[in-house]
Every structure is written in C-alpha cells, then in structure tokens.
Amino acid sequence: GRIKAEQEDALLEAMIRDREAEQQRKEEERVQQEAAQRAQEETARREAEERVQAEATAREEKEKADAMAQRKAHRKAQLPPVPEGTAGVVRMMLRLPNGGRVERKFNAGDLFETAYWFMDLSPEVTSQFPDTDACKLVSNFPKKSFSLSADGKKTFKD
C-alpha cells in the first residue's frame, strides 16, 4: 500500500515536472520564434529604408547629371567660335595642377563668362576641377583675380 502510493506520488510528481518542463520548453521556443520574427521584420524594415534611400540618392544623382548635361549643352551652343588672327583677340592659357596647359582665343568683346563655359566643356580642366564655376582665374600681369560671379558679365577688354 504505502510503497505503491509513494510510487504513484513520485510518478505524478515526475509527470507534473515533465509537463512543466515541456511548457517551459514551448514558452522558450515561442519567445525565440517571436524574437526571430522581430529580427526578420527589423531586417526587412532596414532593407526597405536602405532601398528607399538608395533610390532617392540615385534619383538625385541622375537629376544632377541631367542638369549638368543640360547646362553643358547650353554652354556649348552659346560658346562663340575661336577667332582668327590677333587683332581684338585675347589669348587665355590655363596652367593645370597636373602640369598640363589648355589654351583658347576669345574676342576681346566676348563676355568673361565664356572662359568659364570653355573650361566647363574642357575634359582636361573638368578632370581636375569638376566645379569650374567655383574656380578663380588669375592673370600674371597685371596680377589680378577673376571669378565667374564677380566678372562673368564683363568683357575681356573691360
């Protein structure tokens, strides 16, 4: 009697512990699954944000490139032809940081901004100065500094 009752109590306790352990295991598994799902959702959200950001960046870069191409096409169409001879002609020679030189002639009556247009259209110059409009030009004699914003609407003879 008593041994059988103890065995039944022990069996019942073992079954209760097993059930509790099973419940504990299922709870831990559920928590892990929820954590894994949250991590997946967070990764998906982050990837979506990165995709949206990359698309916005690509769109901005394309708009910049389109605007630059449009600006260059306009400047190319507006750039006056290289004058012949020497009368009323200004010769401009640019020395580049890499030691290269770029030359062009302009009519003395051309606007100074045409020098910037020429620089913007010159691959030798833009390879060293991507934003030619921000460059300053300096003459050797007399020593003088020129900028597009301050001097662009003046003529070379001015």
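Residues numbered from 1 in each chain as written. Predicted model: local features only at pLDDT ≥ 70, side-chain atom pairs only at ≥ 80, totals over all residues. Heavy atoms only, no water.

*Asks:* Explain the layout of surface pockets here, please?
*Replies:* To locate leftover empty space, one rolls a probe as large as a water molecule over the atoms. Considered as a void within the structure, the largest pocket measures approximately 810 Å³ in volume. For the largest pocket, the lining is made up of 26 residues, of which Met92, Leu137, Val138, Ser139 and Phe146 are closest to its centre. Of all the elements in the fold, those that place two or more residues in the lining of the largest pocket are β1 (89–95), β3 (136–139) and β4 (144–147). Take the lining of the largest pocket: its biggest share by element is 6 residues, from β1. (1 Å grid on protein atoms, 1.4 Å probe; cavity = no way out; pocket = protein on both sides within 12 Å on 5 of 7 lines; lining within 4 Å. Points joined across faces, edges and corners; volume = space filled by probe spheres on them. Helix = DSSP H or I, 4+ residues; strand = E, 2+ residues; numbered from the N terminus.)

*Asks:* What is the right way to read the side chain of Arg104 from this model?
*Replies:* Tracing the backbone through its elements, the reader meets Arg104 in strand β2 (residues 101–107). Buried charge Arg104 goes without a salt bridge, the closest partner of opposite sign being Asp110 at 5.3 Å. Within polar-contact distance, the side chain of Arg104 engages the backbone oxygen of Pro80 at 2.5 Å. Non-local contacts of Arg104, meaning those with residues more than four positions away in its chain, are made with Leu79, Pro80, Pro81, Val82, Val90, Arg91, Met92 and Phe118. (Buried < 20%, exposed > 50% of the residue type's maximum accessible area, 1.4 Å probe, protein only. Lys, Arg positive; Asp, Glu negative; His and termini not counted. Salt bridge = Lys/Arg side-chain N within 4 Å of Asp/Glu carboxyl O. Polar contact = N/O pair within 3.5 Å; in protein donor to acceptor, adjacent residues only side chain to side chain. Contact = heavy atoms within 4.5 Å.)

*Asks:* Help me out: how do you make sense of the pattern of salt bridges in this one?
*Replies:* In a structure, side chains of opposite charge can pair up when their charged atoms sit close to one another. The full count for this structure, using the stated rule, is 14 salt bridges. Residue Arg25 pairs with Glu29 through a salt bridge whose shortest N-O separation is 3.1 Å. Of this pair, Arg25 and Glu29 both sit in helix α1 (residues 2–78), 4 residues apart, roughly one helical turn. Look at Arg25 and you get partly exposed, because its relative accessible area is 40%. Put simply, Glu103 and Arg91 hold a salt bridge, and the shortest N to O gap is 2.8 Å. One end of the pair, Glu103, is in strand β2; the other, Arg91, is in strand β1, with 12 residues separating them in the sequence. By relative accessible area, which is 47% here, Glu103 ends up partly exposed. Under the relative-accessibility criterion, Arg91 is labelled exposed at 54%. Through salt bridges that share partners, Glu42, Arg45, Arg46 and Glu49 make up one connected network.

*Asks:* I tried to follow the pairing of β4 on my own but got confused; where do I start?
*Replies:* Within a regular strand, the side chains alternate between the two sheet faces. Relative to β4, β3 is paired through 4 bridges, and the arrangement is antiparallel. Note that in β4 the partner of Val138 across the bridge is Ser145. What sits between the antiparallel neighbours β3 and β4 is a turn of 4 residues. (Pairing = 2+ DSSP bridges.)

*Asks:* What is the right way to look at helix α2 (residues 113–121) in this model?
*Replies:* The periodicity of an α-helix, 3.6 residues per turn, causes residues three or four positions apart to be oriented the same way. Burial of α2 is extensive: 8 of the 9 residues sit out of reach of the surface. Buried within α2 are the following residues: Glu113, Thr114, Ala115, Tyr116, Trp117, Phe118, Met119 and Asp120.

*Asks:* I would appreciate a short explanation of the packing of α1 against α2 in the present structure.
*Replies:* The relative placement of two packed helices is expressed as an angle between their axes plus a distance between the axes. Closest axis-to-axis distance for the α1/α2 pair is 10 Å, and the angle between their directions is 125°. The angle between α1 and α2 places the two elements in the oblique class. You can see that α1 and α2 cross each other, and the crossing is left-handed. Together, Arg71, Lys72, Arg75, Lys76 and Gln78 of α1 and Tyr116, Trp117, Asp120 and Leu121 of α2 make up the contact between the two elements. Among the residues forming the contact of α1 with α2, the class breakdown is 3 nonpolar, 1 polar and 5 charged. (Axes fitted to C-alpha atoms, helices over the stretch in contact; angles between N-to-C directions. Parallel < 35°, antiparallel > 145°, perpendicular 65-115°, else oblique. Left-handed = near helix turned anticlockwise from the far one by under 90°. Nonpolar A, V, L, I, M, F, W, Y, C, P; charged D, E, K, R; others polar.)

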